[in-house]
Amino acid sequence: MADIVLDKVSKRFPDGTTAVQDVDLEIADGEFVILVGPSGCGKSTTLNMIAGLEDISSGELRIAGERVNDKAPRDRDIAMVFQSYALYPNMTVRENMAFPLRLAKMDKETINQKVEEAAKVLELTALLDRKPANLSGGQRQRVAMGRAIVRQPKAFLMDEPLSNLDAKLRVQMRTVVSRLQKQLGTTTVYVTHDQTEAMTLGDRVVIMRGGAVQQVGPPQELYDHPRNLFVAGFIGSPSMNFLHAKVEEGRLRTALGDVPIGERVRRELEAGDAPRELILGVRPEHFEDAALIDDETRARGVEFEAPVDIVESMGSDKYVYFTVEGERATAAELEELAADAGAADFAGAGSNLVTRLSAESPVREGENRRVWFNLEKIHLFDPGSGRNLTLHEGRSAGALAD
Amino acid sequence: MAVETTTRAKLRWGVLDVVVVVFALVPVLWIASLSFKTPATLTDGKFWPREWTLENYRTIFDTDQFVRALINSIGIALIATAIAVVLGTMAAYAISRLDFPGKKLLVGVSLLIAMFPQVSLVSPLFEIERQLGLFDTWPGLILPYITFALPLAIYTLSAFFKQIPWDLEKAAKMDGATQGQAFRRVIAPLAAPGVFTTAILVFIFCWNDFLFAITLTSTERSRTVPVALQFFTGESQFEDPTGAICAAAVVITVPIILFVLFFQRRIVSGLTSGAVKG
Ligand SMILES: Nc1ncnc2c1ncn2[C@@H]1O[C@H](COP(=O)(O)OP(=O)(O)OP(=O)(O)O)[C@@H](O)[C@H]1O
Ligand SMILES: [Mg+2]
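Residues numbered from 1 in each chain as written. Chains lettered and ligands numbered in written order. Predicted model: local features only at pLDDT ≥ 70, side-chain atom pairs only at ≥ 80, totals over all residues. Heavy atoms only, no water.

Looking at an unreviewed UniProt entry, one finds chain B named Carbohydrate ABC transporter membrane protein 2, CUT1 family and attributed to Micromonospora humi. Regarding chain B, the UniProt comment filed under Subcellular location (unreviewed entry) reads as follows: "Cell membrane". (UniProt positions renumbered as here; feature names shortened; annotations may be inferred.)

Within an unreviewed UniProt entry, the label attached to chain A reads Carbohydrate ABC transporter ATP-binding protein, CUT1 family, and the organism entered is Micromonospora humi.

**Student:** Before we move on, can you summarise the overall build of chain A with the specific residues and values?
**Tutor:** Of regular secondary structure, chain A possesses twelve helices and 22 strands. If you line up chain A on its principal axes, its C-alpha atoms span 75 × 45 × 35 Å. Out of the 402 residues in chain A, the part that is buried amounts to 53%. The contacts in chain A between residues at least 6 apart in sequence include a share of 71% that link residues at least 24 apart. Within the structure as shown, chain A displays about 17200 Å² of accessible surface, and the carbon and sulfur contribution to it stands at 45%. Charge separation in chain A, taken as the distance between the mean sites of 49 positive and 63 negative side-chain charges, equals 6 Å. (Helix = DSSP H or I, 4+ residues; strand = E, 2+ residues; numbered from the N terminus. Buried < 20%, exposed > 50% of the residue type's maximum accessible area, 1.4 Å probe, protein only. Contact = heavy atoms within 4.5 Å. Areas by Shrake-Rupley, 256 points an atom, 1.4 Å probe, with all protein chains shown as cover. Lys, Arg positive; Asp, Glu negative; His and termini not counted. Charge placed at Lys NZ, Arg CZ, Asp CG, Glu CD.)

**Student:** Describe the domain arrangement of chain B, and please don't skip the residues or the numbers.
**Tutor:** Residue and element names in this part refer to chain B. Looking at the assigned domains, one finds that chain B contains domain 1 (1–53) and domain 2 (63–277). Computed from C-alpha atoms alone, the centre-to-centre distance between domain 1 and domain 2 is 30 Å. With five residues of domain 1 at the interface, the matching set in domain 2 holds seven residues. A combined buried area of about 460 Å² lies between domain 1 and domain 2, and 85% of that area is made up of carbon and sulfur atoms. Three residues stand out in domain 1 for area buried against domain 2, namely Ile-31, Ser-35 and Leu-42, and they jointly supply 70% of the buried area on that side. The interface formed by domain 1 and domain 2 holds zero salt bridges in total. Summed over the shared surface of domain 1 and domain 2, the number is zero residue pairs in polar contact (both at pLDDT 80 or more). Taken together, the residues of the side of domain 1 that touches domain 2 sort by class into four nonpolar, one polar and no charged. (Domains from an automatic or database assignment. Buried area = accessible area lost by both parts, 1.4 Å probe. Salt bridge = Lys/Arg side-chain N within 4 Å of Asp/Glu carboxyl O. Polar contact = N/O pair within 3.5 Å; in protein donor to acceptor, adjacent residues only side chain to side chain. Nonpolar A, V, L, I, M, F, W, Y, C, P; charged D, E, K, R; others polar.)

**Student:** So, the interface of chain A and chain B: which residues are in play, and what are the values?
**Tutor:** How big an interface is tends to be stated in terms of accessible area lost as the parts join. Listed per partner, the contact involves 26 residues of chain A and 24 residues of chain B. Among the residues of chain A in contact with chain B, Arg74(A), Pro89(A) and Leu103(A) are the three that bury the most area, contributing 25% of the side total. At the junction of chain A with chain B, the criterion picks out one salt bridge. Looking at the side of chain A that touches chain B, the elements with two or more residues in it are helix H2 (73–76), strand E6 (78–81), helix H3 (93–103) and helix H5 (137–149) of chain A. Element by element, the count of residues in the side of chain A that touches chain B is highest for H3(A), at four residues. Taken together, the residues of the side of chain A that touches chain B sort by class into 18 nonpolar, three polar and five charged.

**Student:** Before we move on, could you go through the packing of aromatic side chains and cite the residues and values that matter?
**Tutor:** All names here are of chain B. The full count for this structure, using the stated rule, is 21 aromatic pairs over all chains. Between the aromatic rings of Trp-48 and Trp-52, the centroid separation amounts to 5.8 Å while the plane-to-plane angle is 75 degrees, which identifies the pairing as edge-to-face. Trp-52 matches Trp-48 in its accessibility class, with the two residues each being exposed. Centre to centre, the rings of Phe-203 and Trp-207 are 5.6 Å apart; their planes meet at 20 degrees, and the pair counts as stacked. One end of the pair is Phe-203 and the other is Trp-207, both in helix H8 (residues 179–208) and four residues apart, which spans about a single turn. (Phe/Tyr/Trp six-rings, centres within 6.5 Å; stacked < 30°, edge-to-face > 60°.)

**Student:** I'd like a description of the sheet that holds strand E18 (residues 352–358) of chain A, backed by residues and values.
**Tutor:** Residue and element names in this part refer to chain A. With antiparallel pairing, the five strands of this open sheet are ordered in space as E15-E19-E16-E17-E18. The open sheet is flanked by strand E15 (287–289) and E18, the only strands paired with a single partner. This sheet shows a mean twist of 50 degrees between the axes of neighbouring strands, independent of strand direction. Strand direction decides the pairing type here: strand E16 (residues 301–313) and strand E17 (residues 317–323), joined by five bridges, are antiparallel. By the bridge assignment, Glu-312 is partnered in E17 with Tyr-319. (Pairing = 2+ DSSP bridges. Axes fitted to C-alpha atoms, helices over the stretch in contact; angles between N-to-C directions.)

**Student:** Give a detailed account of the environment of Gly45(B), specifying residues and quantitative values.
**Tutor:** Residues and elements named next belong to chain B. Positionally, Gly-45 belongs in the loop between helix H1 (2–35) and helix H2 (55–62). Assessed through its relative accessible area of 54%, Gly-45 is described here as exposed. Taking the C-alpha atoms as reference points, Gly-45 and Leu-34, separated by eleven residues in sequence, lie 9.7 Å from one another.

**Student:** Explain the environment of Leu53(A) to me, and be specific about the residues and the numbers.
**Tutor:** Within the secondary structure, Leu53(A) sits in the loop between helix H1 (43–51) and strand E4 (58–63). As for Leu53(A) and Ala72(A), which are separated by 19 residues in sequence, their C-alpha atoms are 8.0 Å apart. Discounting residues that sit within four places of it in the chain, Leu53(A) has contacts with Asn48(A), Pro73(A), Met80(A), Phe82(A), Lys170(B), Lys173(B) and Met174(B).

**Student:** Could you give me a rundown of the sheet that holds E6(A), with the residues and numbers involved?
**Tutor:** All names here are of chain A. Spatially, the six strands line up as an open sheet ordered E6-E7-E8-E3-E9-E10, and their pairing is mixed. Single-partner strands in this sheet number two, and they are E6 and strand E10 (212–217). For this sheet, the mean angle separating the axes of adjacent strands, direction not counted, is 20 degrees. Bridge count for strand E3 (residues 32–36) against strand E9 (residues 204–209) is four bridges, and the pairing is parallel. Across the sheet, residue Leu-35 finds its bridge partner in E9, namely Val-206. Those strands touched by H1 are E3, E6, strand E7 (155–159), strand E8 (187–191) and E9, and its axis lies near 150 degrees from that of E7.

Structure below.
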């Protein structure tokens, strides 16, 4: 067990690609850290550098306080679980799990005992003498985990370990991973593409984009206080709604009507290089049917009316899709996010508004509906730099804060 | 409908198989049959010998010439195969695993060697080997055999290496293996079928070669069987050596059959399935 520190770690491939750039990250002993980001953002490369499978171009990597840049993977005492499982096909499950122990030259007795123990934890005891070819996907996955935990390494690295499983099995294995990590208390770095895994598994989440870290923090903090447009759009499903907003006469002109701004945002906008056009971000759950709120709540937001496109009733609440007129929000980040999610899934920047209203709302498809949204929860972004202007000392206080 | 197609398809394939096998085997069987005939019945045109004899076999094993050639053949082919397969394995591993400058060139050149007409090399090689004192020695044949077998070996082996998921090697390294251990304990067992296939191909190539063997040898010291057969005379000058030559031909196909049968089992065992999500 150990802490892992990345100190300005970069990776440049021989062909000139900079896959990872100046990543600073401190992972505490026993912590469960998730790396997320769109495809090609350098998650695997970062993980491989920690593992020692890729050289570090510059910067320093320390495990348990010791610089390990030049150490071979075998000398770092780290276990890794691969997306492809990478089980040795010529060995049985038992031999697969015993392999790291045999390489460590342990005696037969100890090896057997440790393998049996790990097999019991992962419910593999009945399968110990099978070959990987005769296992199901979920079982192979567990063998891969078993091979990682038998030798009690300093840390676990996992690169999208569940992405080859079907949806149901993934949910099941997610709890296995979570339970295992808590039980063993081993430092873990986990790469994923999956929103739910990112939000539920880790103590902290690292969001990467184009090789650089965007924000690090507990999942809830990233959700509530995104530092920039990219983080705001990446975290959350369905994603945050983004709208074009123009600064005029101390107010914001948006497709949802005029939005007043508080002192703090005004000061931000008075700076010389401040943008005149902004992007307004609202999460679906911060909308509400205007007919259902009391006056006190009403005062904290503004209302608008728009035609209802689709109503999806989830039982506990309703997802209601509106069409809004007006200029689209445009920014490089939004295009990137849309490309990664597949345009259909990322409604964020379109003229579609995704809202989550109370189940009691009598909203019907085709009608015009009055909807309220909470100004204390909205975010304002600079389309150029992507910076969240409503963020103050790491906290987002909405548009009205003084 | 499915049942009907399978029985009919089976029948069709069965007939086709029989035709091919008969076509391929008749000459071989004929030679085998000739080798058991007595000189008197040799030319009777009967497929099945009327009088069986082992005289021809006795004759060839009594002559020093043949035994010596057999030893040469086995020795030269085995050594050339071993060297070509070891070098080929290393080269193919590097080609499929590493990105190094000049990789494309290396592959291209080795292809070029494989395509080069051997006939055009025979006289220069003859001159070179005479100058170097390699003429009519084992190395004199082993070297050209390796040269021509190597591209073949590299090609077949790199195809096999490409099929092995490299995640396995990374996994082995993470599990605490050195590069050597990862290769020996994880990659090599998976590559074994490829290595054996290549060994068979290379061995057959060396074993069957006639062109180099006849130009680069002059005495029994290094003459291999295919060549020795041409110099075969019976016990006396006046005897017809046909029966003996046939017996020798049968004898030299035996090692190949054994070689193939021996390695075939390994080829079927050890497949890569189950290594990664499939
Ligand atoms: N060997 C290499 N040579 C050159 N560029 C590479 C190499 N390996 C990866 N890259 C590039 O580095 C970047 C980061 O790759 P990486 O595999 O770390 O992405 P990732 O975040 O794991 O993506 P994914 O979610 O698709 O697995 C990509 O742009 C990729 O094209
Ligand atoms: Mg990856």
